[in-house]
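# Fold and contact review
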Amino acid sequence: MGNRYVTVTITRQTKAVSEKGFGTPLVLSTSKNLPYKIYTDIEQVANDFATTTEEYKLFSRMFGQNPRPAEIAVFGVQYNGTSGDPAVLVDALNTLIQTHNDFYYLVSVEQGDDEIAALAEWTSTQEKIYAASTSSETLYTMLSGLYDNVFLLVHDQPRQYPAEGLVALLAPQEIGSYTWTFKTIQGVAPATFDATKINDIHNNNACTYIREGGVNITSHGVATSGEYIDNVQATHFIKARMTEAVFRLLATQPKVPYTDAGIAMVVAEVDNVLKQAFRQGIIAEENGEPLYTITVPKRAEIPANTRAQRILPDIEWTAVIAGAVEKVEIRGVLTI
């Protein structure tokens, strides 16, 4: 509707920018070739896999958690674990991510040492998390110290798929709001390991499933590198969201000027992501304030040649990670 006295012009700055998802697990199936697809419940799984297959058992464990993902992806590569070359699985994943790279977690029915090692090495080149169940002492000692984004759960009954159930339990939750320790996986019995075995598993940067204080829980939330895996996820989350936020600014604004005001626009996007990380529990606080700082140069401090190339350098931030309490030491004295 027009008005002879007032003219309103609205410019949309709502261009969509793809955001990396952190809630979608991918199941790598090996009983048959199957194009990438999404399941939302176990009934859909039954259309592709008989209830006797390992794939169906794995999906049952994942869909049986509470909470559990709204969607679980599947991709099938026919593979023989007895005589096959694990490079086939890696090649298939490299092909898949050219068209479908929207999953964050990787799990598989394959539990052989060679297959898990190959998938772990592949995941180490991606910003994804690979979780596997195993009973192999050889494997968890071999992988110890190697990978930031690989989680190994050792169990005497790995076909109960405890690691995969844990992924399903955590995937729908906000990164920063949980650790991988102390979690109860529906449908999984505790491993029958003694204290010596459990300590050995922990010393080699792996997890198991135990009964402690009358509760079934995951025992150790670390990646095979020894880093806490929620810290690894925090790194993935901040990097992805910061990249998306700054790119959205560049893509939706007619121009971000190379001035102190324009630099401040970029810094504001960085600040917003760090504030989001704080709200999700990734960044620590003191007296209610998030513990992070951002430093940025003034336009006049940036070399002319750099400005001529339209590169904005040296935006740096430092944040204190919140972490979590996973062990408590209490000392007391009783007197009379």
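This text gives an overview of the structure that appears in the document. Sequence positions are assigned chain by chain, starting from 1 and proceeding in written order. Residues qualify for local features only when their pLDDT is at least 70, as the model is predicted, and side-chain atom pairs are given and counted only at 80 or more; totals for whole chains, interfaces and linings, by contrast, use all residues. Excluding hydrogens and water, the side-chain figures rest on all heavy atoms present in the structure.

### Concerning the environment of L58
Looking at the secondary structure, you find L58 in helix α2 (residues 54-63). Along the backbone, L58 and P162 are 104 residues apart, and their C-alpha atoms lie at a distance of 9.3 Å. Those residues in contact with L58 that sit more than four places away from it in its chain are V27, V107, S108, V109, Y161 and E164. Numbering of helices and strands starts at the N terminus; helices are DSSP runs of H or I of at least 4 residues and strands are runs of E of at least 2. In this description, contact between two residues means that some pair of their heavy atoms is separated by no more than 4.5 Å.

### Regarding the pattern of salt bridges
Close approach of charged atoms lets side chains of opposite charge pair. In the sections that follow, a salt bridge refers to a side-chain nitrogen of Lys or Arg positioned within 4 Å of a carboxyl oxygen of Asp or Glu. Under the defined criterion, the tally for this structure stands at seven salt bridges. For K57, the salt bridge identified is with E54, shortest N-O distance 3.3 Å. Here the residue K57 and the residue E54 both occupy positions in helix α2, the gap between them amounting to three residues, near one helical turn. Exposure is judged per residue with a 1.4 Å probe applied to protein chains only, and the accessible area is read against the type maximum: over 50% gives exposed, under 20% gives buried, and values in between give partly exposed. With a relative accessible area of 37%, K57 lands in the partly exposed category. Through salt bridges with shared partners, a single ionic network connects E54, K57 and R159.

### Digging into the side chain of H155
Among the structural elements, H155 can be located in the loop between β6 (150-154) and α6 (162-170). At 2.6 Å, the side chain of H155 and the backbone oxygen of A189 are in polar contact. Contact partners of H155, with chain neighbours within four places excluded, come to T134, S135, Q160, P162, V188, A189, P190, A191, F193 and Y209. N or O atoms closer than or at 3.5 Å make up a polar contact, with two conditions inside protein: a donor-capable atom paired with an acceptor-capable one, and, for residues adjacent in sequence, both atoms drawn from side chains.

### Here's the deal with the packing of aromatic side chains
Any two rings among Phe, Tyr and Trp, with Trp reduced to its six-membered ring, count as a pair given centres within 6.5 Å; such a pair is stacked if its planes are under 30 degrees apart, edge-to-face if over 60, and tilted if neither. Counted according to the given criterion, the structure contains six aromatic pairs. Relative to Y104, the ring of F22 lies with its centre 4.8 Å away and its plane at 70 degrees, an arrangement referred to as edge-to-face. With F22 in the segment before β1 (25-29) and Y104 in the loop between α3 (87-96) and β4 (105-108), this pair connects stretches of sequence that are 82 residues apart. Note on F22: relative accessible area 8%, which makes it buried. Residues F22 and F237 carry aromatic rings whose centres are separated by 5.6 Å and whose planes lie at 55 degrees to one another, so their mutual orientation is tilted. One end of the pair, F22, is in the segment before β1; the other, F237, is in helix α8 (residues 229-252), and 215 residues separate them in sequence. The two residues F22 and F237 agree in class, both being buried. Joined through ring pairs, the aromatic side chains of F22, Y104, Y105 and F237 make up one cluster. Between K32 and the ring centre of F49, over which it is positioned, the NZ or CZ distance is 5.1 Å. Both a distance and an angle decide whether a charge sits over a ring: NZ of Lys or CZ of Arg must be within 6 Å of the ring centre and within 35 degrees of the ring normal. Above the face of the F103 ring, K128 is positioned so that its terminal group lies 4.0 Å from the ring centre.

### A short note on α8
Working rule for helices: expected span equals 1.5 Å times residues minus one. With 24 residues, α8 should cover 34 Å at 1.5 Å per step; its first-to-last C-alpha distance of 34 Å lies within 8% of that length. The element α8 is extensively covered by neighbouring structure, given that 17 of its 24 residues are classed as buried.

### Points about the sheet that holds β4
Strands are treated as partners if at least two bridges between them are detected by DSSP. The strand order across the open sheet built from eight strands is β2-β3-β1-β4-β5-β6-β7-β8, with neighbouring strands paired in mixed fashion. Each of the sheet's edge strands pairs with one partner strand only, and the pair in question is β2 (34-39) and β8 (215-218). Mean inter-strand twist for the sheet, computed between neighbouring axes without regard to direction, equals 25 degrees. Against the sheet, α6 engages β1, β4, β5 (129-134), β6 and β8, with an angle of about 145 degrees to β5. Most of the contacts of α8 go to β5, to which it runs at about 155 degrees, and overall it touches β4, β5 and β6. Here, axes are lines fitted to C-alpha atoms. For helices the fit covers the stretch in contact, and angles between N-to-C directions go from 0 to 180 degrees.

### Observations regarding the packing of α2 against α6
Taken N-terminus to C-terminus, the directions of α2 and α6 make an angle of 40 degrees; their axes are 8 Å apart at the nearest point. Considering the angle they form, α2 stands oblique to α6. Between α2 and α6 the crossing geometry is right-handed. Note on element contacts: α6 touches α2 through E164, G165, V167 and A168, opposite L58, R61 and M62. Considering only residue class, the contact of α2 with α6 consists of four nonpolar, one polar and two charged. Each angle is binned into one of four classes, with values under 35 degrees roughly parallel, values over 145 roughly antiparallel, values of 65 to 115 roughly perpendicular, and all other values oblique. We call a crossing left-handed when the near helix sits turned anticlockwise from the far one by less than a right angle, and right-handed when that turn is clockwise. Three categories are distinguished: nonpolar for Ala, Val, Leu, Ile, Met, Phe, Trp, Tyr, Cys and Pro, charged for Asp, Glu, Lys and Arg, and polar for the others, with Gly belonging to the last.

### Some details on the nonpolar core
Among the buried residues, those of types Ala, Val, Leu, Ile, Met, Phe, Trp, Tyr and Cys that are joined through side-chain atoms within 4.5 Å form a nonpolar core. F59 and W180 are the most contacted members of the largest nonpolar core, which has 56 residues in total. No other element matches α8, which puts ten residues into this core. Other than its neighbours up to four places away in sequence, F59 contacts V27, Y39, I42, V45, I72, A73 and V74. Counting 36 residues, the second largest nonpolar core, distinct from the first, contains Y79, F103, W122 and I217.

### Overview of a nonpolar patch on the surface
Taken together, the side chains of V325, V328 and I330 define a hydrophobic patch exposed on the protein surface, amounting to about 360 Å² of accessible area. Its place among the elements puts V325 in the segment after β12 (316-319). Classification of V325 as exposed rests on a relative accessible area of 65%. Surface patches are drawn from residues lacking salt bridges whose relative accessible area is over 30%; two like charges belong together within 9 Å, two nonpolar side chains (Val, Leu, Ile, Met, Phe, Trp, Tyr) within 5 Å. Note that accessible areas follow from Shrake-Rupley with a 1.4 Å probe, and for residues the cover is restricted to the protein chains shown.

Any functional reading would require information beyond the geometric quantities listed.
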